[in-house]
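# Structure assessment
Letter by letter, the chains look like this.
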Amino acid sequence: AMLDQHQIDRGTLRLQIEADLAWRKLIGNQIRANVTITDEAIDEAIQNIEANKGKPEHLISEIFIAIGADKSVSEARDIAQRLRQQIVTGANFSELARSFSQSASAAVGGNLGWVRNDQLDQALVDAITAMKPGDLSQPVQGIDGFYILALRNSRISEGLPTPNLSF
């Protein structure tokens, strides 16, 4: 009924889904062929998780507008401000991130997942620490552009879970 309502041909939708799945499989195979995870990398990741136990983590989504040869600081700021206003008036954050964000997170609707303060620029940390879950930031200028941040949740890192060895 939804396809008919929006006048979308079922065959076209099927072809688009098949093409998307084939593209994902191709990219996944190419990436897996070039990735090697060493024991040292695993040990380093475990040490990093344990070292950050008890520190705050934030579930964040972002929209990033780059400053560059094609966009001045004021142009990037204006675009970020207009996008923020659209979100405030009801536009979907994830859809705007997919369409306009110039970050790798755009592919997943701007979702950065759980991040710690030491993983972010200081300007972003300052903005996030002033927010509470559910808040949307004003455009924040980073080194290379403007960020609109949505703080979805916050927590204190618990480190690695304790293994349950009872049988």
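The structure contained in this document is the topic of the report that follows. This is a predicted model, so every value here is computed, not measured.

### What to know about the overall build of the protein chain
Looking only at helices and strands, one finds six helices and four strands in the protein chain. The N-to-C order of helical and strand elements in the protein chain reads α-α-α-β-α-α-β-α-β-β. Against the 2.2 N^0.38 benchmark of 15 Å for 167 residues, the protein chain shows a C-alpha radius of gyration of 20 Å, more extended than a compact globule. Referenced to the eigenvectors of the C-alpha coordinate spread, the extents of the protein chain come out at roughly 55 × 40 × 35 Å. For the protein chain, buried positions account for 28% of its 167 residues.

### Thoughts on the sheet that holds strand β4 (residues 145–156)
The sheet built from four strands is open, its strands ordered β2-β1-β4-β3 with antiparallel pairing. Whereas interior strands pair on both sides, the edge strands pair on one side only; in this sheet they are β2 (111–116) and β3 (140–141). Note that strand β1 (residues 56–66) and β4 share eleven bridges and pair antiparallel. In the strand pairing of β4, Leu59 is matched with Asn153. Lying on the sheet, helix α6 (residues 122–129) is in contact with β1, β3 and β4; it crosses β4 at an angle near 50°.

What counts, and where the lines are drawn
- Residues numbered from 1 in each chain as written.
- Predicted model: local features only at pLDDT ≥ 70, side-chain atom pairs only at ≥ 80, totals over all residues.
- Heavy atoms only, no water.
- Helix = DSSP H or I, 4+ residues; strand = E, 2+ residues; numbered from the N terminus.
- Rg over C-alpha atoms; globule rule 2.2 N^0.38 Å.
- Buried < 20%, exposed > 50% of the residue type's maximum accessible area, 1.4 Å probe, protein only.
- Pairing = 2+ DSSP bridges.
- Contact = heavy atoms within 4.5 Å.
- Axes fitted to C-alpha atoms, helices over the stretch in contact; angles between N-to-C directions.

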